[in-house]
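A closer look at the structure
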Amino acid sequence: MSSQPFSRLNPLNFLQTFVVQSLESNDKNGEKPSPLGRIEQLGLNAAACFEAAYREERVLEGALDHAQYADMIVEIKNKIGGGFSRASSEPGMVRVINSRCPFGDAVRHAPELCQMTSSVFGGIAARNFGYAKVLLDKRIAVGDGLCEARIYIDPEQAAQHSGDEYHHKGEIIVGKSAYAEVGMRIEKRMSKVWCGIPARKSGSPGSPGLVARSPGMCKALEVVEVVAPTKASVLITGETGVGKEVAARAIHAMSERWNNKFVAVNCGAIPENLVESVLFGHERGAFTGAYEVHHGFFERADKGTLFLDEIDSLPLLAQARLLRVLQENEFERVGGKQCLTADVRIVAAGGNQLDKLIAQGLFRLDLYYRLNVVPIYIPPLRERPEDILPLAEMMLSRLSEKYHKRIHTLSRQAVAQLMAYGWPGNVRELENILERSFIFAAGAELEQVMLPEAASSTPGMPEHAGSGTASRTLKAARKHAADKAEETMLKELLEKFGGNISKVAKSIEISPRAVHQKLSLHRIDPKVFRLPPA
């Protein structure tokens, strides 16, 4: 590259440079790095070529100053089709903004390509200043409308920020994405925990999947890594299906309790009149049907971790009992007189409605403070586009094993569908849709993803002109109207019966389970309609 004038740099020979670097990288080492690591290494290698050509064109020698560095990275990016410019910045940091991505709109389907920008900026900065940390604050790839990058060259100033670090060691630049690193450490520890468990029955799930390529998810994992070795209670929040239990299992795996039990309980699935018995146990004869002593979840999780999912669904009386256990580390079984103790690490999880429930008096503020010592927020999948394809690849691999059917790749159309869809059901919906698509797929490639009908007009699933289009449009409109009518009816009934699912089910002559399914489909939280006790 350096043998050619920098003025001839354009999108074509930019890509040629990356191809050459990719081939050289494959020749030099036989091991296969992760896709994100490969992109980072290619960017670092190519950055050296671009810098050499730039210096040769302008007869520059010695280390660059801040202004020269900023001019160089802006010109490199703009030569290949970007719209970068310098922005005001504080000492010790260079800030640039971009209005047009060199990869065009295609970057929205492959947001991991932003790693190239990070590694080119970081590699050149580290070579000239010895150190760099790159933060991509805003990105066109995730729908921000523009890109904004900060490059810190002072390690002390950079210490308070999370980003991709680059060091100049000898004659090479060593890059290591801080996000990728923490994810790999946690995944390694989690694998150790699950590999130590006796072999499962055929077809049962293995180690929980942990995929973190997006900044939001990786920042959550950074908190996981810091809090896991402590005894602090943790409250994980996020939408349904984002992977709160996976984060809880990661906390357990990274703690000193990793070789003891991880006990998960869904508080929302426990009948209201049995919550205390399930959590704390009951004595023989405590109530009709209590023929034996029952050990609750707290006793079963002794020396381990107790994960309380859907904590916001606990009734107020059970909340009071739980608070006492957390404060005094002791409890009594229902119908019992003896105080029992259990050494349990509490990790709780709830939706995004906790603030509203507290304001309505449906969730105790003192319990919230006790649980929320360290908060962790898991962002929805629509805000984590970098995680979609890695998650899909992991799921396809597991489905291939489960169904003994070799499909490990996605077609271009399938990738476009996955990246364009909004995923209201998050990771759980992704898993459900991929399994359905996998079952009906033919060949060695998943050519099309069977998205819900309302999403069938997303890119990658073009409609055909003619009467078929009108028919599908009319059908979709009717379904939308029916869905809205059902949603309105459910809200009115929940309002009428104070959020009581059983009464709602009885009034429309279906099972409570069917009501729960409909509420989940319409993303309606019944707890919002429950009346505070008189």
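Along each chain, numbering runs from 1 in the same order as the chain's sequence is written. Thresholds applied to this predicted model are a pLDDT of at least 70 for local features of residues and 80 or more for the giving and counting of side-chain atom pairs; totals over whole chains, interfaces and linings are not thresholded and use all residues. Excluding hydrogens and water, the side-chain figures rest on all heavy atoms present in the structure.

1. Some words on the packing of helix α14 (residues 385–403) against helix α15 (residues 412–420)
- Direction vectors running N to C along α14 and α15 enclose 135°, while the axes themselves pass 10 Å from each other. What the angle tells us is that α14 and α15 run oblique. Considering only the axes of α14 and α15, their crossing is right-handed. Residue-level contacts link Pro385, Ile388, Leu389 and Ala392 of α14 to Val415, Leu418 and Met419 of α15.
- Residues are grouped as follows: Ala, Val, Leu, Ile, Met, Phe, Trp, Tyr, Cys and Pro are nonpolar; Asp, Glu, Lys and Arg are charged; all remaining types, including Gly, are polar. When the residues that make up the contact of α14 with α15 are grouped by side-chain class, the tally is seven nonpolar, no polar and no charged. Only C-alpha atoms enter the line fits that serve as axes; for helices the fit covers just the stretch in contact. Angles between N-to-C directions range over 0 to 180 degrees. The helix count covers DSSP runs of H or I at least four residues long, the strand count covers runs of E at least two residues long, and both are numbered beginning at the N terminus. Angular relationships are summarised with four words: roughly parallel below 35 degrees, roughly antiparallel beyond 145, roughly perpendicular across 65 to 115, and oblique for the angles in between. Crossing chirality is assigned from the near helix's rotation relative to the far helix, an anticlockwise turn below a right angle marking it left-handed and a clockwise turn marking it right-handed. Contact between two residues is taken to exist if any of their heavy atoms lie within 4.5 Å; hydrogens are not considered.

2. Here we look at the side chain of Thr117
- With respect to the helices and strands, the residue Thr117 is situated in helix α4 (residues 114–129).
- Thr117 sits in the buried class, given a relative accessible area of 12%.
- Looking at Thr117, its side chain comes within polar contact range of the side chain of Lys77, at 2.9 Å.
- Residue contacts for Thr117: discarding those within four places in its chain leaves Lys77 and Leu136. For the exposure calls, accessible area comes from a 1.4 Å probe over protein chains only, and a residue counts as buried if that area is under 20% of its type's maximum, exposed if over 50%, partly exposed in between. As used in this structure description, the phrase polar contact means that two N or O atoms lie within 3.5 Å; if the pair is within protein, one of them must be able to donate a hydrogen and the other to accept it, and residues adjacent in sequence are counted only when both atoms belong to side chains.

3. Observations regarding the packing of helix α3 (residues 66–79) against α4
- Here α3 crosses α4 at 150°, and the two axes come no closer than 11 Å. Judged by the inter-axis angle, α3 sits roughly antiparallel to α4. As α3 runs across α4, the sense of the crossing is right-handed. For the pair α3 and α4, contact is made by His66, Tyr69, Met72, Ile73, Ile76 and Lys77 and by Thr117, Phe121, Ile124, Ala125 and Phe129, respectively.
- Tallied by class, residues from the contact of α3 with α4 come to eight nonpolar, two polar and one charged.

4. Points about the packing of aromatic side chains
- Any pair of Phe, Tyr and Trp rings, taking the six-membered ring for Trp, is counted once the centres come within 6.5 Å. Such a pair is stacked with planes under 30 degrees apart, edge-to-face with planes over 60 apart, and tilted for the rest. Tallied over the full model, the rule gives seven aromatic pairs.
- Ring centres of Tyr69 and Phe129 lie 5.7 Å apart, and the angle between their planes is 80°; this geometry places the pair in the edge-to-face category. Taken as a pair, Tyr69 in helix α3 and Phe129 in helix α4 lie far apart in primary sequence, 60 residues in all.
- Ring centres 5.4 Å apart and planes at 25° place the aromatic pair Phe280 and Phe298 in the stacked group. Of this pair, Phe280 sits in helix α9 (residues 275–280) while Phe298 sits in helix α10 (residues 297–300), and the two are 18 residues apart along the sequence.
- Classification of Phe298 by relative accessible area gives buried; the value is 2%.
- Residue placement shows Arg300 over the ring face of Phe297; its charged tip is 4.5 Å from the ring centre.
- Over the face of the ring belonging to Phe438 we find Lys405, whose NZ or CZ atom lies 5.4 Å from the ring centre. Lysine NZ or arginine CZ positioned within 6 Å of the ring centre and within 35 degrees of the ring normal marks a charge as sitting over the ring.

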